[in-house]
There are 2 protein chains.
Amino acid sequence: MRDPLPNFPGYALRRAANATAAELSARLADTGLRQSDVSVLMLIAANPGVTASAVGRQLGIERANMVPLLKRLEGLIDRAPIDGKSQGLALTAAGRARLSEARKVVEGFEAELLARVPPEHRDHLLPALEALWR
Amino acid sequence: MRDPLPNFPGYALRRAANATAAELSARLADTGLRQSDVSVLMLIAANPGVTASAVGRQLGIERANMVPLLKRLEGLIDRAPIDGKSQGLALTAAGRARLSEARKVVEGFEAELLARVPPEHRDHLLPALEALWR
DNA sequence: TATTGTTATACTCTATAACTATA
DNA sequence: TATAGTTATAGAGTATAACAATA
């Protein structure tokens with residue numbers, strides 16, 4: 001079948017993102033975490049005391065969507081009041097343990113992704129992608 | 001803020017796909033078509049008489065999801081029975097006209113996307129992406 | 001005035017299961 | 001048996017509007 005679409009970088013981007021997201025989701029199933037959960041946990045781990053709003057801004061997640069996400073992570077995240085309206089987030093011991101599991105899955109998967117890219121293109125992938133959204 | 005996530009190609013892929021999809025959707029608003037609509041119209045235009053199932057297979061769209069999609073494109077697509085259970089799809093005159101509009105938007109956008117990528121990385125984007133899903 | 005956290009809501013995309021009819 | 005078209009449904013991801021309380 002004639003198919004001109006794969007020649008469009010935007011289309012290839014969508015297909016690649018879709019395929020890899022589905023694969024990572026399947027691999028994360030055992031941890032009970034979603035990709036967005038893991039990214040939030042990673043950001044909190046790297047920045048203890050950060051607010052939910054700041055996490056959302058950094059990851060491109062709307063404030064409103066942080067609420068159910070953090071609710072799903074109950075027990076893994078600790079909330080400590082900063083002032084009357086802000087709360088600092090940090091991982092609990094359980095949160096660190098779960099993140100440690102998830103991190104193995106994610107980092108293994110990311111390494112595999114890079115390995116799938118032919119060597120001559122490999123180092124160009126990340127800079128090219130970053131130019132499209134940063 | 002410390003943020004290790006942009007160093008993950010899978011994460012960058014998701015962010016880039018998300019950002020570009022939102023932008024293209026906004027640009028397509030005037031045409032009344034979605035990205036998936038345009039990709040379906042393009043595939044039918046390139047392969048007159050193709051079945052809905054074949055289009056879905058090629059584009060990674062489930063058969064079941066082709067039904068409301070084609071219903072949305074009523075008037076743009078013509079269905080002719082091939083045998084008792086299959087229908088061949090083709091564009092109507094209106095379909096060709098709408099696709100012509102949408103094609104300008106999409107091709108302009110795709111060219112802009114490539115232009116955003118630094119020249120030394122540009123030619124590597126498409127091959128690298130294709131390695132991730134093909 | 002701007003920001004935080006929150007509630008409610010809606011739209012899109014995608015996936016699965018199941019059914020009918022035909023090849 | 002496998003495939004085409006269809007219906008119904010559910011899960012994610014994402015977006016907006018609006019509100020109260022606080023900076």
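Look a little higher up for the structure.
> Help me get a handle on the relation of the copies chain A and chain B, residues and values and all.
When chain A is fitted onto chain B, the two copies agree to an RMSD of 0.0 Å after a turn of 180° and an axial shift of 0.0 Å. Here the copies are linked by what is in effect a two-fold axis. In this assembly, 100% of the residues forming the interface of chain A have copies in chain B that are likewise at the interface, indicating an isologous arrangement.

> I'd like to hear about the packing of aromatic side chains, residue by residue, with values.
Tallied over the full model, the rule gives two aromatic pairs over all chains. Relative to B:W133, the ring of A:Y11 has its centre 6.3 Å away and its plane inclined at 80°; by these criteria the two rings are edge-to-face. A residue pair is termed interchain when its members come from two chains, as with A:Y11 in helix α1 (residues 9-28) and B:W133 in helix α6 (residues 119-133). The buried category is assigned to B:W133, whose relative accessible area is 18%.

> Account for helix α1 (residues 9-28) of chain B, naming residues and giving values.
Its 20 residues place the ends of α1(B) 28 Å apart at the C-alpha level, agreeing with the 28 Å of an ideal helix rising 1.5 Å per residue. Buried within α1(B) are the following residues: B:P9, B:G10, B:Y11, B:A12, B:L13, B:R15, B:A16, B:A17, B:T20, B:L24 and B:L28.

> Would you mind going over the protein's contact with DNA strand D in detail, with residue names and values included?
In the vicinity of DNA strand D lie 19 residues, with A:N65, A:G84, B:N18, B:S53 and B:K85 positioned nearest. In the interface set of DNA strand D, defined as its atoms within 4 Å of the protein, sugar plus phosphate atoms amount to 58%. Between a phosphate oxygen of DNA strand D and a main-chain N or O atom of A:G84, the distance comes to 2.7 Å. The separation between a phosphate oxygen of DNA strand D and a polar side-chain atom of B:N18 is 2.9 Å. When contributions to the surface near DNA strand D are tallied by element, the ones reaching two or more residues are α4 (63-72) of chain A together with α3 (52-59) and α4 (63-72) of chain B. A class-by-class count of the residues in the surface near DNA strand D yields four nonpolar, seven polar and eight charged.

> Describe the protein's contact with DNA strand C, listing the residues and the values that go with them.
The environment of DNA strand C is made up of 19 residues, and the closest members are A:S53, A:R79, A:K85, B:R34 and B:G84. In the interface set of DNA strand C, defined as its atoms within 4 Å of the protein, sugar plus phosphate atoms amount to 60%. Here A:S53 contributes a side-chain N or O atom positioned 2.8 Å from a phosphate oxygen of DNA strand C. Breaking the surface near DNA strand C down by element, the ones donating at least two residues are α3 (52-59) and α4 of chain A together with α4 of chain B. Residues belonging to the surface near DNA strand C are distributed by class as follows: four nonpolar, seven polar and eight charged.

> Outline the interface of chain A and chain B, supporting the account with residue identities and numerical values.
Facing the 50 residues of chain A at the interface are 50 residues of chain B. Counting the surface lost from both chain A and chain B, the interface buries some 5,100 Å², and carbon and sulfur atoms represent 72% of this. Looking only at chain A, the three residues that lose the most surface to chain B are A:M1, A:L132 and A:W133, adding up to 13% of its buried area. Applying the counting rule to chain A against chain B returns zero salt bridges. Connecting chain A to chain B are 15 residue pairs in polar contact (both at pLDDT 80 or more).

> How would you explain the pairing of strand β1 (residues 77-81) of chain B if you had to name every residue and give the values?
All names here are of chain B. In this sheet, strand β2 (residues 87-91) lies alongside β1 in antiparallel orientation, the contact comprising five bridges. From the neighbouring strand, I77 faces β2, where its bridge partner is L91. Linkage of β1 to β2, two consecutive antiparallel strands, is achieved through a turn of five residues.

About the criteria used
Residues numbered from 1 in each chain as written. Chains lettered and ligands numbered in written order. Predicted model: local features only at pLDDT ≥ 70, side-chain atom pairs only at ≥ 80, totals over all residues. Heavy atoms only, no water. Least-squares fit on C-alpha atoms with pLDDT ≥ 70 in both. Contact = heavy atoms within 4.5 Å. Phe/Tyr/Trp six-rings, centres within 6.5 Å; stacked < 30°, edge-to-face > 60°. Helix = DSSP H or I, 4+ residues; strand = E, 2+ residues; numbered from the N terminus. Buried < 20%, exposed > 50% of the residue type's maximum accessible area, 1.4 Å probe, protein only. Expected span 1.5 Å × (residues − 1). Near = heavy atom within 4 Å. Polar contact = N/O pair within 3.5 Å; in protein donor to acceptor, adjacent residues only side chain to side chain. Nonpolar A, V, L, I, M, F, W, Y, C, P; charged D, E, K, R; others polar. Buried area = accessible area lost by both parts, 1.4 Å probe. Salt bridge = Lys/Arg side-chain N within 4 Å of Asp/Glu carboxyl O. Pairing = 2+ DSSP bridges.

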